[in-house]
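# A closer look at the structure
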Amino acid sequence: MNFFRGVMGGQAAGPQPSGAETIHKLCDRVASSTLLEDRRDAVRALKSLSKKYRMEVGTQAMDHLINILQTDRSDSEILGYALDTLYNILCNDEEEEQDETAQKQSDDLGAQFTEQFVQDAEHVTLLLSLLEEFDFHVRWPGVKLLTVLLKNQGVQVQGIILVSPMGVSRLMDLLADSREVIRNDGLLLLQQLTKSNAAIQKIVAFENAFERLLDIITEEGSSDGGIVVEDCLLLLLNLLKNNSSNQNFFKEGSYIQRMKPWFEIGDDNSGWSAQKVTNLHLMLQLVRVMVSPVNSPGATASCQKSMYQCGLLQQLCTILMATGVPADILTETINTVSEVIRGSQVNQDYFASVNAPSNPPRPAIVVLLMSMVNERQPFVLRCAVLYCFQCFLYKNQKGQGEIVATLLPSTIDANSISAGQLLCGGLFSVDSLSNWCAAVALAHSLQDNLTQKEQLLRVQLATSLGKPPVSLLQQCTNILSQGDKIVRRGSKVQTRVGLLMLLCTWINNCPIAVTHFLHNQENVPFLTAQISENLGEDERLVQGLCALLLGICIYYNDNSLENYTKEKLKQLIEKRIGKENFVEKLGFITKHELYSRAAQKPQPVFPSPEQMLFDHEFTKLVKELEGVITKAVHKSNEEEKKEEEVKKTLEQHDNIVTQYKDLIREQDSQIQELKEQVASMSSQSEQMQTTVTQQLSQIQQHKDQYNILKLKIGKESQPNSQEDSSQVNGLQTEELTQLREEVEELRKQHALLQTQLGDKDTLLDTLKSETAESSAGGSDNTELLKELEALRSQVQSQSAEINHMKTERQELLTRAEAGSQDTVSSSDGSLDAAKMAELESRLAAQSSETQRVKEEAKSLSESRAELEQQLASATSTVAILQTEKAKLQTEVQESKKEQDDLLMLLADQDQKINALKQKLKGLGETVDDEDDLDGRDQTDDDYEDEDED
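Bear in mind that the values here come from a model prediction, so they are computed numbers and not experimental data. All residue numbers refer to positions counted from 1 along the written sequence of the respective chain. Per-residue local features of the predicted model are confined to residues with pLDDT of at least 70, and side-chain atom pairs are confined, for both listing and counting, to 80 or more; whole-chain, interface and lining totals are unaffected and use all residues. The basis for every side-chain value is the complete set of heavy atoms in the structure, and neither hydrogens nor water enter the calculation.

### Thoughts on the overall build of the protein
Secondary structure is summarised from DSSP: a helix means a run of H or I of at least four residues, a strand means a run of E of at least two, and numbering begins at the N terminus for each. Per the secondary structure count, the protein includes 43 helices and four strands. Buried residues in the protein amount to 45% of all 949 residues. Intrachain contacts of the protein at a sequence separation of at least 6 include 73% that bridge at least 24 residues. As displayed, the protein has an accessible area near 49,100 Å², and 50% of this comes from carbon and sulfur atoms. For each residue, the accessible area found with a 1.4 Å probe, counting protein chains only, is set against the maximum for its type, and the residue is called buried under 20%, exposed over 50%, and partly exposed in between. Residues count as neighbours in contact if any of their non-hydrogen atoms are within 4.5 Å of one another. Using a 1.4 Å probe, the Shrake-Rupley method yields the accessible areas, and only the shown protein chains count as cover for residues.

In structure tokens, the structure reads:
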């Protein structure tokens, strides 16, 4: 306190003593009164005196007022008076008009009181807690006081709020207040809070600020709204500018789509209010923030894509082509469209398709270029059109080709105005700014595009009647050499700088263009004369650009012109200019004061037309070429030869690397295909494995069911046999006679089949012996014997399997017939039939397997026959053996078929015999063929023993 009295007390215009005494008494009253009413009246009086006696109230009453905020929380009226008094002490905005010195002292006073207030962080925390009070007389003054604190000591107060629990959240609640005064002042508070503090900006954004602000803008009428819309837009700019996290959050939240309705303008665009112009200007700036060239390329491309997809770009182009739009809005719209299409091929293609609503319709690019080369248009508008054209051609080789094509003889349309014609007209007009803009625009049509540089060499211009046409390159050099002879409006240096930038961009990295430029005998002498002269300060930049142009002619020279090879040009520089002098003149470019300004950002922003000298992309080119040209000028022939050899080696290496890259790409594609095949086969395998598992489970279920049914048959055998006997007794005598005859006939057939089977076995033994004898005819038949032996073993294994199955069938039949009856239930009959079908299927499978083995043996014999024919030592004996072998195989096959048939017949006979036997026993007839049956069983056993042998 004493400090402020000492500083301010010596001023001539000091406060009246009566006022100071009054304030002192009021402060004592606030500090000592026990009644709330007395303290309230004293604070009210201090509030009324705080504007007039600001210093006295601040020095004496600040501590008492803070104490009131801490102790009298229950009374909203005294809190409101205290907050208003502190606001009057700290605020500098409401001072009456006064001279500059007094205003400066007032500002210093507010800053000093603010610093005193925020020295204790608890004061700011106390103020944040008061904002939770819903009472209007407390909340509104608290919002205003905190806003003043942020204005005067922003960084310090931001730090306190950032570390305060729920500090930012309490302030965000102000936007939801139903009282517009508090909500609007809350917007101003958040503007001050979010200035230059990325951490607070992120917190505010994640507190759903975007949703709330966009809702307020919509409620207030968007671009037609008032000052509240402006405040919301300013706050959005604070949150998004240079904050990639918030920009990504804004895009991912689909808030870009909500910006489209802002730019829907009606047909009647007359009478725009100043507030609408301000709002729309801020809205356009908000779009530009999202697609600014200083953002990361990925984020910018994503936002550009969203703006095209939601129709925002189309809406901006509608404003661009509309009539009655104010000039500053039109200029900002052109700049906005420029950055929305910059580097985005889809957006650039769409912009190329936009037509102006004229008769006949003209492309929007042509209409904009007409404004750029028209010297009556505002300077800022012409700069905006140039920026739009540059952004349209940025990384857009298709667009570059379309612009250059309008200059070629085969595509010129005499009935319409093209972009190329407008650029040539501006390049050769008497307005220096049009010359510069057209030159820079043409340079961007050639940027990093070797094809278009070569195409532009074909352009021919008709200078006057009766004279032959000259190339565009030659016309540019002619105008450059004439210099001051042509009367121009504006800066003459500007025209020459523009042409030199165009020529440098054109011949850079294009040996053919360098050759065309050097082919004109006047060009090199003109450049050397310009560089060697001692010109004024304004001409130094021209000298530097001439040095750059000559250096490019050296660096990209393919030595196709004998008079202007690299070596001769360097000798010319050394004799007429001097290498050191040349390098010094080359350095004039980067040392120019406007060079660094143009290098900062792509948009051409200049305070006046005279300062419009450098293009952003050209500054990149200068930075790239300055060093290599300096080295090229100082290099000797031997060093250049070595460099050329190194370049050739590097080119070869690059070619090899390219080949390997192509091979790797091809292999990668093959690997990818194989991976896809493996994945497909894996999925198929998994499906098959699943199917197999399911089938196995089903088989197991069937097995379990089969075992259960066998147990049921065993349990039901006794009752079924009784029923069988009771029904068999009902048979008639005729039926018994018929059954005996059938049994006798089946026995005869069985005996016959047994005899035939024995004959076949004898035949097989005979064939085997013959085969053994024929094996002595030569050692080459060993393999045939082995094959026959393998066949025999397979036949024996098949026979054993058949016998095994027959035995199993016999056992099952015996068990089934012992407990079954003719009138057994349909379920038991179906089970026996299923079992028989299963046995028959297994027999069929074994037969097919035998057939397959025989076919394999046949194929082996045929291959063996082919090998025997190739042998020079083949004899007739071998041929005979092969024939006999084929016959044997045929006979074996026939015998096996007959065996199979016999076995099937035997099986049927056995079944019928057993059935008839049971019926005869049931009828009480004596069955006296047990010996025959035993003999048959003995015969079967003997047959099995022979097969085993």
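There's more to say after this.
### So, the pattern of salt bridges
Any two side chains of opposite charge can pair, so long as their charged atoms come close to each other. Between Lys or Arg on one side and Asp or Glu on the other, a salt bridge is scored when a side-chain nitrogen of the former is within 4 Å of a carboxyl oxygen of the latter. Tallying each qualifying case throughout the model produces 23 salt bridges. Linking Arg44 and Glu77 is a salt bridge whose minimum nitrogen-to-oxygen distance equals 3.7 Å. Placement of the pair is Arg44 in helix α3 (residues 36-49) and Glu77 in helix α5 (residues 76-90), with a sequence separation of 33 residues. Of the residues examined, Arg44 reaches a relative accessible area of 34% and is grouped as partly exposed. Judged by relative accessible area, which is 34%, Glu77 ranks as partly exposed.

### Looking at the side chain of Ser222
Looking at the secondary structure, you find Ser222 in the loop between α13 (209-219) and α14 (227-240). Beyond its immediate chain neighbours, meaning those up to four positions away, Ser222 contacts Ile217, Val229, Trp262, Asn279 and Met283.

### Thoughts on a nonpolar patch on the surface
The patch calculation keeps residues exceeding 30% relative accessible area without a salt bridge and links them within 9 Å when they carry like charges or within 5 Å when they are nonpolar (Val, Leu, Ile, Met, Phe, Trp, Tyr). On the surface, Ile656, Tyr660, Leu663 and Ile664 cluster together to form a nonpolar patch covering roughly 390 Å² of accessible area. Among the structural elements, Tyr660 can be located in helix α37 (residues 637-715).

### Here's the deal with the packing of aromatic side chains
Two rings from Phe, Tyr or Trp (for Trp, the six-membered ring) form a pair when their centres are within 6.5 Å of each other. A pair whose planes differ by under 30 degrees is stacked, one over 60 is edge-to-face, and the rest are tilted. Tallied over the full model, the rule gives 11 aromatic pairs. Between Phe250 and Tyr255 the ring centres are 5.5 Å apart and the planes differ by 40°, which places this aromatic pair in the tilted class. Classification of Phe250 as buried rests on a relative accessible area of 0%. Sitting over the ring of Phe134, Arg179 keeps its end group 3.9 Å from the ring centre. In this scheme, Lys NZ or Arg CZ marks a charge over a ring once it lies within 6 Å of the ring centre and within 35 degrees of the ring normal.

### Re unusual backbone geometry
Here Met166, not a glycine, exhibits a phi torsion of approximately 60°, which is positive. At Asn509, a residue that is not glycine, the phi angle is positive and equals roughly 60°. Mapped onto the elements of the fold, Asn509 is located in the loop between α28 (492-507) and α29 (511-519).

### Describing helix α23 (residues 397-405)
Of all the residues in α23, the buried ones are Gly399, Gln400, Gly401, Ile403 and Val404. On its buried side, α23 packs onto α22 (379-393), α24 (419-427), α25 (432-446) and α26 (450-456).

### Focus: the nonpolar core
Counting 208 residues, the largest nonpolar core has Leu146, Ile161, Leu171, Trp262, Phe263, Phe351 and Leu548 as the members making the most contacts within it. Aside from chain neighbours lying at most four places away, what touches Leu548 is Cys504, Leu586, Ile589, Phe618, Val622, Leu625 and Ile629. Definition used in this section: a nonpolar core is a set of buried Ala, Val, Leu, Ile, Met, Phe, Trp, Tyr and Cys residues joined via side-chain atoms within 4.5 Å.

### Things to note about the environment of Gln400
Its location among the elements puts Gln400 in helix α23. Owing to a relative accessible area of 2%, Gln400 belongs among the buried residues under this scheme. Each C-alpha atom, one on Gln400 and one on His444, is 7.9 Å from the other, the two residues being 44 residues apart in sequence. Beyond its immediate stretch of four places on either side in the chain, Gln400 contacts Leu393, His444, Ser445, Leu446, Gln447, Asn449 and Gln452.

### Some details on the packing of helix α18 (residues 312-321) against helix α19 (residues 327-341)
Axes here mean lines fitted to C-alpha atoms, for a helix over just the part in contact, with angles spanning 0 to 180 degrees between N-to-C directions. α19 packs onto α18 with a crossing angle of 145° between their chain directions and a minimal axis gap of 9 Å. In the crossing of α18 with α19, the sense of the turn from one axis to the other is left-handed. Each of Leu313, Leu316, Ile319 and Leu320 in α18 lies in contact with α19, whose residues at this interface are Leu330, Thr333, Ile334, Thr336, Val337, Val340 and Ile341. Within the contact of α18 with α19, the residues separate by chemical class into nine nonpolar, two polar and no charged. What makes a crossing left-handed is the near helix being turned counterclockwise from the far one by less than a right angle; a clockwise turn instead makes it right-handed. Residues are grouped as follows: Ala, Val, Leu, Ile, Met, Phe, Trp, Tyr, Cys and Pro are nonpolar; Asp, Glu, Lys and Arg are charged; every other residue, Gly included, is polar.

### Focus: helix α11 (residues 180-193)
One less than the residue count of a helix, multiplied by 1.5 Å, gives the span that helix is expected to have. Taking 1.5 Å per residue as the helical rise, α11 with its 14 residues ought to reach 20 Å, and the 19 Å between its terminal C-alpha atoms agrees with that figure. Within α11, 11 of the 14 residues are buried, leaving the element largely enclosed by the surrounding structure. Burial in α11 covers these residues: Ile182, Arg183, Asn184, Asp185, Gly186, Leu187, Leu189, Leu190, Gln191, Gln192 and Leu193. Tucked into the core, α11 has its buried residues touching α8 (136-152), α9 (154-163), α10 (167-172), α12 (198-206), α13 and α14.

### Here we look at the environment of Cys391
Structurally, the position occupied by Cys391 is in helix α22. Filtering out sequence-adjacent residues up to four positions away, Cys391 remains in contact with Ser338, Glu339, Ile341, Arg342, Gly343 and Gln348.

### With respect to the confidence of the model for the protein
pLDDT gives the predictor's per-residue confidence on a scale running from 0 to 100. Predicted confidence across the protein gives a mean pLDDT of 81, with 76% of residues reaching 70 or more. Taken as a whole, residues 1-17 scores under 50 in pLDDT and shows 17 contacts with residues more than four places along the chain or in a different chain. Across residues 819-832 the pLDDT falls below 50, and counting only partners more than four positions away or on other chains, this stretch makes 16 contacts in the model.

### Points about the state of the cysteines
When the sulfur atoms of two cysteines come within 2.5 Å, that pair is taken as a disulfide. Tallied over the full model, the rule gives zero disulfides. Free cysteine Cys437: the closest other cysteine sulfur is in Cys383, separated by 6.3 Å. Accessibility expressed as a relative area gives 1% for Cys437, which makes it buried.

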